[in-house]
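The lines below spell out each chain.
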Amino acid sequence: MSSAIICSRPAADFLTKELQLQLMWQHHQHQQQQHQQHLFNASSESGWNLNSTTIRDKLMFWELPKHLHFAEVYLHYIKANISAFICIDSDVCIFNVDINKRRCPKGCSCHLSRTEMRFEVYCDRSGVDIPELPIPITGSAALYFINKNLTRLPNSTLYGYSNIRELHLANNKLTSIKVEQLPDNLTYLDFRNNSLQSFEDEVLEYLTRRAGKLAMKLSGNPWKCDCDALKMLRFVVDNSNNITDRDQLKCHEGNIELSMLMVKTDVCTNRSYFKFLTGLLFGLVVMILIYFYFKQSILLWLYERNLCRSEPKADIQLKIDGFVAFSHVDLQLVPEYVEKLERGPRQYRLCFYQRDWQIGESIPACILSSIKDSKRVIILMTNNFINSSWGLFEFRTAIKATSMHRDKRLIVILYPDVDLDGLDCELKLYMKYNTYLRRDDPQFWSKLMFAMPHRPIHCTTEETQA
């Protein structure tokens with residue numbers, strides 16, 4: 001396939017006879033053998049005998065009937081999907097139709113440069129999109145889109161767009177480029193004076209693969225200088241030989257304009273390391289704050305799973321884990337503590353007056369002895385306990401004992417609807433400035449277990465065998 005030459009009569013009148021013959025002969029020399037055969041067949045149908053001698057010696061452009069007949073012969077090839085051009089001089093041919101009978105888009109001009117064998121499309125459209133483009137049968141294709149309103153590129157699937165080798169898109173409004181918008185075999189790319197700030201990683205990979213085959217112009221865009229554009233900055237430095245306007249490339253960091261070739265990308269490595277350390281420190285601070293805010297819940301969770309025993313080893317060994325102090329009116333409250341603490345997984349040893357005190361001994365002596373031999377004093381704070389003189393005596397004695405021995409601890413369990421106004425000033429102050437357990441707390445048993453002496457969970461015989 002090849003392009004046809006169709007000269008109009010005004011053009012023929014303008015050319016000299018010698019130039020006309022030269023153009024005809026040069027054109028004929030470039031025809032392929034297949035083309036010659038088709039021409040011979042077409043001319044035979046019209047009654048012409050078109051051999052080389054006839055073309056050189058007889059067929060002249062100013063012979064109007066023969067000239068028109070020659071055009072009719074070549075128009076036969078247009079019907080066979082062969083591109084046609086109208087050549088107005090020895091170099092430039094105006095495009096007519098492409099191989100699929102498509103014409104030059106509205107608002108664009110198309111022509112072929114014969115010396116460079118380059119098909120050029122100049123668009124000065126009022127729209128903002130690149131139209132479907134004609135496909136040349138030979139040579140490279142270049143697109144000049146100069147309307148200054150282009151905001152996006154089409155996908156390479158657009159008709160004729162994938163055949164483009166040169167993209168001249170300076171002075172437009174492009175803000176981003178995607179790799180699927182770039183023809184595969186670009187050799188020239190002009191993005192000057194657009195609104196580009198950076199290229200996506202896929203675009204940079206594409207441009208890097210085309211290194212050595214692709215010349216670029218990228219100046220006049222508001223490129224970024226920050227570390228988010230690190231790959232773009234490194235691309236410019238590594239491919240500066242392919243960027244013809246590299247000395248005019250500027251980038252912006254805030255209000256500061258810098259040469260993209262002078263930006264030190266190693267600063268970003270230090271900044272990244274600093275950001276990492278800052279993030280790590282911030283994370284540690286957050287974790288510490290969370291730990292202290294949820295410390296008790298975390299420790300309870302770990303202790304329940306036998307993963308944490310935070311209590312220091314006692315200086316003295318005491319026989320009783322907990323002395324339960326309560327009013328005799330509240331005796332019905334004691335069995336649940338026996339069930340949970342003594343018969344539970346940690347098997348604490350408890351002491352309470354009904355079961356463990358010797359009959360006949362004085363009550364004050366039994367109270368003092370029980371508190372002395374116990375690691376924990378558990379007070380069941382009810383209204384009955386507050387109204388009991390022996391209960392208040394046990395409360396004061398326990399406060400004194402725990403203040404003198406750091407291995408002892410007082411655990412006050414406050415039951416609902418207790419009126420603390422029945423306490424004297426000393427005991428009120430203790431309740432005000434010391435922590436205690438509420439019996440209606442959803443985590444009551446977990447917190448009580450954690451407040452007891454820490455010891456490992458004891459496995460039963462059945463659990464051991466299992």
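This text follows the structure it describes.
Draft legend 1. Layout of the overall build of the chain. Tallying secondary structure elements over the chain gives 17 helices and 17 strands in all. Taking all 466 residues of the chain together, the buried fraction comes to 43%. For the chain, the exposed area adds up to about 26,600 Å²; of that, 53% sits on carbon and sulfur atoms.

Draft legend 2. Looking closely at the pairing of strand β13 (residues 320–325). When you tally the buried positions in β13, you get six out of six residues, the bulk of the element. Sheet topology note: the β13/strand β15 (residues 374–381) ladder contains five bridges and is parallel. Paired with Val-324 across the bridge in β15 is Ile-378. Here β13 pairs with strand β14 (residues 350–351) via two bridges, running parallel. Bridge pairing in β14 places Phe-323 opposite Cys-351.

Draft legend 3. Representation of the nonpolar core. Met-381, Phe-395 and Ile-413 are the most contacted members of the largest nonpolar core, which totals 48 residues. Setting aside chain neighbours within four positions, we find Ile-413 in contact with Tyr-337, Ile-378, Ile-379, Leu-380, Met-381, Leu-437, Arg-439, Phe-444 and Leu-448. In this structure, Ile-130, Leu-189, Leu-214 and Cys-225 belong to the second largest nonpolar core, which totals 46 residues.

Draft legend 4. Region of interest: the state of the cysteines. Tallying each qualifying case throughout the model produces three disulfides. Residue pairing for Cys-104: its cysteine sulfur links by disulfide to Cys-110, the two sulfurs lying 2.0 Å apart. Its S-S torsion of about 80° marks the bond between Cys-104 and Cys-110 as right-handed, since a negative value means left-handed. Classification of Cys-104 by relative accessible area gives partly exposed; the value is 23%. The disulfide partner of Cys-108 is Cys-123, and the S-S distance across this bridge is 2.0 Å. Handedness of the Cys-108-Cys-123 disulfide follows from its S-S torsion of about 105°: it is right-handed. In this pair, Cys-108 is assigned in strand β4 (residues 108–113) and Cys-123 in strand β5 (residues 118–123), connecting sequence segments 15 residues apart. With respect to burial, Cys-108 and Cys-123 carry one shared label: buried. Unpaired in terms of disulfides, Cys-351 finds its nearest cysteine sulfur in Cys-366, a separation of 8.7 Å. The buried category is assigned to Cys-351, whose relative accessible area is 5%.

Reading guide: rules and limits
- Residues numbered from 1 in each chain as written.
- Predicted model: local features only at pLDDT ≥ 70, side-chain atom pairs only at ≥ 80, totals over all residues.
- Heavy atoms only, no water.
- Helix = DSSP H or I, 4+ residues; strand = E, 2+ residues; numbered from the N terminus.
- Buried < 20%, exposed > 50% of the residue type's maximum accessible area, 1.4 Å probe, protein only.
- Areas by Shrake-Rupley, 256 points an atom, 1.4 Å probe, with all protein chains shown as cover.
- Pairing = 2+ DSSP bridges.
- Core = buried A, V, L, I, M, F, W, Y, C linked by side-chain atoms within 4.5 Å.
- Contact = heavy atoms within 4.5 Å.
- Disulfide = S-S within 2.5 Å.

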